[in-house]
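# Topology and contacts: notes
Chain residues, written in single-letter form:
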Amino acid sequence: MDFVTVSVFLRDRPLHEGNPLAVFADAADMPQDRMQAISRTLNLSETTFVTGIDKDSYDVRIFTPNEELPFAGHPTIGTTWVLRNLGRIAGNRLTQRSPAGTTPIRVDDDVIWFSRTGSSSKDLAESDAAAHQRVADALRIDGSDVGMEGAALGGSGELRVAYSDGGIEQLMVPLKNEDALARCRPDATALRELTPYGVYCFTGVGPGKLSARGFFAPVGIEEDPATGSAAAALGVYLGARVGKAELEIAQGVEMGRPSLIRLRATPDGVEVGGSTRLIYRGRLEVAG
C-alpha cells in the first residue's frame, strides 16, 4: 500500500521543522488492528487512514503508536493537504469526518485551516486549592511557575489551569515565562493521574505570540512538536476567558523541530491553521 509522509505546521524546511504525519489514502478495507500495528511501526505522533472520499469531503481514522484518537489537529491539516495534492478531493471548502464528528476545513493559499467548537472547564483552583501545585509537581517545576497574567493576551486577571476540549479534552497549563516552560520535565505517571490524554503548557512571548509545549505520555507521545488539537483546545480556553484572540504559537523548539501554529479564537469557536510540505512517498509491504 502506498503512503505519503508530510510535515505539518512548519515554516519552510520540512526535514527540520513541523510535525511529521503518514497518510494512507486508500485504507477503506484495512482492519483496525492492522492500522494500529502500522502506526506503532512507523512510530510518528499520528498516522491517518482514509476510509472514504467524496468530492469535497473524506472519512478518516487517526492513530497514535498506542491508540486511536477521535480527532487530532495536524492529521486534519496534513491529510487534507495530501488528498488535495493527490487529486482525490478538490475545492477550498472541505469537510473531514472522524469519530469526533465533522470538522470544517478551508484552504487559504498556503495555509489550511480547520474549525472547531468546544467547551472549557472552570479553573481547577476554584474547586481545588492544591491543583496548581499538583500540576507543577507533575511537570517538575515550582508551584509559583504556574499561571500567567491574562493582560498578555488582551484579557484581565490571571489565567489558571483548566481542562478544555476542542475535539479531545486536554489540560491547559499557563506558565509565568519561557524559563518555566523550558524547565518542564514531566513525570509520566503523575501526568496520567491528571489527564487521560495530555497537557499543553504555554506562555506569552510578545504581542500576539505564544510559546508552547505539549506532553502526551498517556497516549505514547512524550512530547509533540506541534499539536493542532491542543491549539484548538487552547483557543476554546482563551475564547472563554479573553474573548477574541489571534495568535502565532511556536512549539517544538526544545525538541529541535520548531513549528508554527496559527490560532484564531472567539467565544463561539476557533480556527487553527498551518502549512504543510511533502517529506517522502513510500510503499508499505507486509508479509502475512
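Everything in this summary refers to the structure shown in the same document. (Residues numbered from 1 in each chain as written. Predicted model: local features only at pLDDT ≥ 70, side-chain atom pairs only at ≥ 80, totals over all residues. Heavy atoms only, no water.)

### Here we look at the overall build of the protein chain
Summing up its helical and strand segments, the protein chain has six helices and 20 strands in all. The C-alpha radius of gyration of the protein chain comes to 18 Å, within 12% of the 19 Å expected for a compact globule of 288 residues. In terms of its C-alpha atoms, the protein chain occupies a principal-axis envelope of roughly 55 × 40 × 35 Å. Here the protein chain, with 288 residues, has 55% of them falling under the buried criterion. In the protein chain, the proportion of contacts linking residues at least 24 apart, taken out of those at least 6 apart, comes to 65%. Each charge sign in the protein chain was given a centre, from 30 positive and 38 negative side chains, and these centres are 3 Å apart. (Helix = DSSP H or I, 4+ residues; strand = E, 2+ residues; numbered from the N terminus. Rg over C-alpha atoms; globule rule 2.2 N^0.38 Å. Buried < 20%, exposed > 50% of the residue type's maximum accessible area, 1.4 Å probe, protein only. Contact = heavy atoms within 4.5 Å. Lys, Arg positive; Asp, Glu negative; His and termini not counted. Charge placed at Lys NZ, Arg CZ, Asp CG, Glu CD.)

### Remarks on the side chain of Gln-96
The residue Gln-96 is located in strand 6 (residues 93-98) in this model. In terms of polar contacts, Gln-96 uses its side chain to reach the side chain of Thr-76, at 3.2 Å. The contact partners of Gln-96, leaving out residues within four places of it in the chain, are Tyr-58, Val-60, Phe-71, Thr-76, Gly-101, Thr-102, Thr-103 and Ile-105. (Polar contact = N/O pair within 3.5 Å; in protein donor to acceptor, adjacent residues only side chain to side chain.)

### Side note on the packing of aromatic side chains
If you walk through the whole model with that rule in mind, you get seven aromatic pairs. Ring centres 6.2 Å apart and planes at 80° place the aromatic pair Phe-3 and Tyr-280 in the edge-to-face group. Of the two residues, Phe-3 is situated in strand 1 (residues 2-8) and Tyr-280 in strand 20 (residues 276-283); the sequence distance between them amounts to 277 residues. According to the relative accessible area criterion, Phe-3 is buried, its value standing at 9%. A ring pair is formed by Tyr-197 and Phe-216, whose centres lie 5.0 Å apart and whose planes are at 40°; its orientation type is tilted. Residue Tyr-197 is located in the loop between helix 5 (188-194) and strand 14 (199-206), and its partner Phe-216 is located in strand 15 (residues 209-216); the two are separated by 19 residues in the primary sequence. A relative accessible area of 4% means that Tyr-197 is categorised as buried. (Phe/Tyr/Trp six-rings, centres within 6.5 Å; stacked < 30°, edge-to-face > 60°.)

### Brief notes about the nonpolar core
Judged by nonpolar contacts, the single largest core of 56 residues is most densely connected at Phe-202, Leu-234 and Ile-249. Here Ile-249 is in contact with Tyr-200, Leu-210, Ala-212, Ala-231, Leu-234, Ser-259, Leu-260, Ile-261 and Leu-263, once residues within four sequence places are set aside. Formed by 21 residues, the second largest nonpolar core is a distinct cluster that contains Ala-131, Ala-136, Ala-138 and Ile-141. (Core = buried A, V, L, I, M, F, W, Y, C linked by side-chain atoms within 4.5 Å.)

### Structural notes on unusual backbone geometry
Positioned with a positive phi, Phe-9 is a non-glycine residue whose angle comes to about 65°. Structurally, the position occupied by Phe-9 is in the loop between strand 1 and strand 2 (19-24). According to the relative accessible area criterion, Phe-9 is buried, its value standing at 0%. For Arg-140, which is not a glycine, the phi torsion comes out positive at approximately 60°. Position of Arg-140 among the secondary structure elements: in the loop between helix 3 (131-139) and strand 10 (148-149).

### Quick look at the pairing of strand 19 (residues 269-274)
Along strand 19, six of the six residues are buried, which leaves the element largely enclosed by surrounding structure. On strand 19, burial covers both faces: Gly-269, Glu-271 and Gly-273 on one face and Val-270, Val-272 and Gly-274 on the other are all buried. Examined bridge by bridge, strand 8 (residues 111-116) and strand 19 share five bridges and lie antiparallel to one another. What sits directly across from Ile-112, in strand 19, is Gly-274. The antiparallel pairing of strand 18 (residues 259-266) with strand 19 creates a hairpin that spans two residues between the two strands. (Pairing = 2+ DSSP bridges.)

### Quick word on the pairing of strand 4 (residues 57-63)
Of all the seven residues making up strand 4, five are buried; the element is thus mostly covered by neighbouring parts of the structure. When strand 3 (residues 46-53) meets strand 4, the two strands line up antiparallel, connected through six bridges. Across the sheet, Gly-52 pairs through a bridge with Asp-59, a residue of strand 4. Where strand 3 hands over to strand 4, the hairpin turn is made up of three residues, counted between the paired strands. Here three bridges tie strand 4 to strand 6, and the two strands are oriented parallel to one another. Bridge pairing links Asp-59 to Arg-97 in strand 6. For strand 4 and strand 5 (residues 68-69), the ladder comprises two bridges, and the chain directions are antiparallel.

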